[in-house]
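Chain by chain, the residues run as shown.
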Amino acid sequence: MSGVRDLVYSSALYRMSLRGRFHHGLAFQPEDPWPGDVNRANELFQGLYDLGGEAVRPGPQPPWQGQQGGDLWRAELHGFDWLRHFREAGGDAAIRAARSLAGTWLSHCGSYDPFVWRPDILARRLTSWCLNADLLIRHAELTYRSNLLRSVGRQARHLSRAADQVKDGPAAITTAVGLAMVGYCLPESRPWAERGLRLLSGHLGKQVMTDGGHVSRNPAVLQSVLRDLVLLKRTMMDVGDPPPEALVNAIDRMTPALRMLRHGDGGLALFNGATEGNAANVEITVKRSGVRGKPNLSAPRMGFERLEGDRTTVICDFGGRDPQPGIGHAGLLSFEMSARRERIVVNGGAAVPATEQWKAAMASTAAHSTLTLDDTNAVPVPEAGRKRRRSMETEAARTESPDATWLDMTHDGYRQSHGFVHRRRLYLDAAGRDFRGEDTLEVAGSRVRESQFAIRFHLHPDVQAVLSQGGDGVLLRLKSGRGWRFRAAGAQPVLEESVYLGTGKPRRTQQIVLHGRCGDEGLAVHWAFGLIEGAQS
């Protein structure tokens, strides 16, 4: 079906159908809530396009030519979000560079292309052009200005026809928001805004959970979707159009959910394909939402729990009430731990851009700070974007007192394959100095497979780890000089190599691993992280 559509969209007759009333300018230019980066602008001046995890130098020719860069790089390039960096830099050089790139885009990409005119990329591009209209067209040469505005009209007409072709995922929300934004920015185009809002309302009902999580269970996707919604809400308020209840309610729910998934350094927790992100941008997203308050501590639909003790934070993934809808990783009962602004225990993260090999590796149970059996995944890792089919049961219960918080989580991902249910109990004292855990394997059913277990605690690369004398513990020294001690009972800790992709690029690091065997008797292993008093330099 898509092939037939592409043939139609590429035809001369369809190009003629995109003609319409010429707009001499915008009816409204929205304010961009997100600042640019002068350093990124300087890189662009020098011909370096660092987008989507790839740094590409196209050379003297415009970046639209050739086949350089992967799909994510090309999507960000043609989305024009980087225009805000030129706007931040300011001055004639930035104006000339931005207009030169937009002009060459019109020459090379002004006609339909299945990728470049993909609805979500097109929506991002039109939104960026509207946000940066002063940079692109204010006092611009007449021919260039006319060509750009004609192209905006043609692209907007195509978007209005193609927007409902994006059925699922964050791309559908980006597309609906972009159509609504165009409807508010172009003269006499409110029907597009109304259609975009109708599409958006349907997508929000499918994708945003009652506790504010996104169905992907990916903190980075949650932030990206929230950014789109915040931009649309602010634009509607500026034009005097009340935002619809579905939009406001989604932002109200998503903001505390995003706060829940942040560490003390302001970046995102590494679950289900997320990287740390840019802490400043995460903070701006939260502030621009206008939603005040504290982080959620419990999100049963999204499947996360947060423990706080003074300035120590533990974020846990128990899978949620129904783990099937998401396309998440196999990191059930994994957790991350940070103290103040320093990460200590982490998950593996995600490669950006990702090969299929990296995707499979970082989605595995072994890439998370949790228990594995026979080095197998607790749940099947989805392939090629397909949802996992196997049903499973997960639970989480928390108990709080003025002195501490207890968390009890279980999953039965190893029931069919090994005959065990994994239970993890966690304890964090109110002072944030004593964090303890117990991992048990409870026999479930008559067929139990004798297994090799490994309980992993992946460490952030800035953490220095050495085995203590006697080998029953590990001493951890943070970059700040603060120290923590890890101890275990029921298994001997060892230090092994690991890899950290919290920023999208691999860094060597270490992991604490508790190895052993279990059978009909099940398993019980206790472990603890304790702050070493006076270890700060």
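Now for a description of the structure that goes with this document.

Rules of the game
- Residues numbered from 1 in each chain as written.
- Predicted model: local features only at pLDDT ≥ 70, side-chain atom pairs only at ≥ 80, totals over all residues.
- Heavy atoms only, no water.
- Pairing = 2+ DSSP bridges.
- Helix = DSSP H or I, 4+ residues; strand = E, 2+ residues; numbered from the N terminus.
- Axes fitted to C-alpha atoms, helices over the stretch in contact; angles between N-to-C directions.
- Expected span 1.5 Å × (residues − 1).
- Buried < 20%, exposed > 50% of the residue type's maximum accessible area, 1.4 Å probe, protein only.
- Phe/Tyr/Trp six-rings, centres within 6.5 Å; stacked < 30°, edge-to-face > 60°.
- Lys NZ or Arg CZ within 6 Å of the ring centre and 35° of its normal.
- Core = buried A, V, L, I, M, F, W, Y, C linked by side-chain atoms within 4.5 Å.
- Contact = heavy atoms within 4.5 Å.

Note on sheets: strands pair through backbone hydrogen bonds, and any given pair is parallel or antiparallel. As summarised here, the arrangement of the 8 strands in space is β9-β10-β11-β12-β19-β16-β15-β14, forming an open sheet in which the pairing is antiparallel. In this open sheet, the two edge strands, each paired with only one partner strand, are β9 (394–400) and β14 (464–467). Sheet twist, expressed as the average angle between the axes of neighbouring strands with direction ignored, equals 15°.

Counted at 1.5 Å a residue, the expected span for helix α7 (residues 119–131) with its 13 residues is 18 Å, and the 18 Å between its end C-alpha atoms agrees. A large share of α7 lies buried, amounting to 12 of its 13 residues. Within α7 the residues assigned to the buried category are Pro-119, Asp-120, Ile-121, Leu-122, Ala-123, Arg-125, Leu-126, Thr-127, Ser-128, Trp-129, Cys-130 and Leu-131.

For the rest of this paragraph, the subject is the pairing of strand β7 (residues 342–346). With respect to burial, β7 is a largely interior element, 5 of its 5 residues being buried. The antiparallel hairpin formed by strand β6 (residues 334–339) and β7 contains 2 residues in its connecting segment, where Arg-340 sits at a positive phi of about 55°.

A complete count under the given rule lists 23 aromatic pairs for this structure. Judged by centre distance (6.5 Å) and plane angle (80°), the ring pair of Phe-80 and Trp-105 falls under edge-to-face. Here Phe-80 is found in the loop between α4 (71–79) and α5 (83–89), whereas its partner Trp-105 is found in helix α6 (residues 92–109), with 25 residues between them in sequence. The pair formed by Phe-80 and Trp-105 is uniform in burial state, with each residue classed as buried. Among the aromatic residues, those joined into a cluster by ring pairs are Phe-45, Trp-64, Phe-80, Trp-82, Phe-86, Trp-105 and Trp-129. A cation over an aromatic ring shows up here: Arg-74 above the ring of Phe-115, its NZ or CZ 4.2 Å from the ring centre. A cation over an aromatic ring shows up here: Arg-227 above the ring of Trp-34, its NZ or CZ 4.4 Å from the ring centre.

Turning our eyes to something else, we now look at the nonpolar core. Trp-82, Phe-86, Trp-129, Leu-229 and Leu-232 are the most contacted members of the largest nonpolar core, which has 93 residues in total. Element by element, the count of residues in this core is highest for helix α12 (residues 219–239), at 9 residues. When near neighbours in sequence (up to four residues on either side) are disregarded, Leu-229 contacts Ile-173, Val-177, Leu-200, Leu-204, Leu-247, Ala-250, Ile-251 and Met-254. Counting 42 residues, the second largest nonpolar core, distinct from the first, contains Phe-420, Leu-428, Leu-514 and Val-525.

Bringing helix α11 (residues 190–207) into the picture now. With 18 residues, α11 extends 25 Å between its outermost C-alpha atoms, agreeing within 8% with the 26 Å of an ideal straight helix rising 1.5 Å per residue. Turning to α11, its buried residues are Trp-192, Ala-193, Gly-196, Leu-197, Leu-199, Leu-200, His-203, Leu-204 and Gln-207. In this structure, the buried residues of α11 make contact with α9 (142–162), α10 (169–185), α12 and α13 (245–260).

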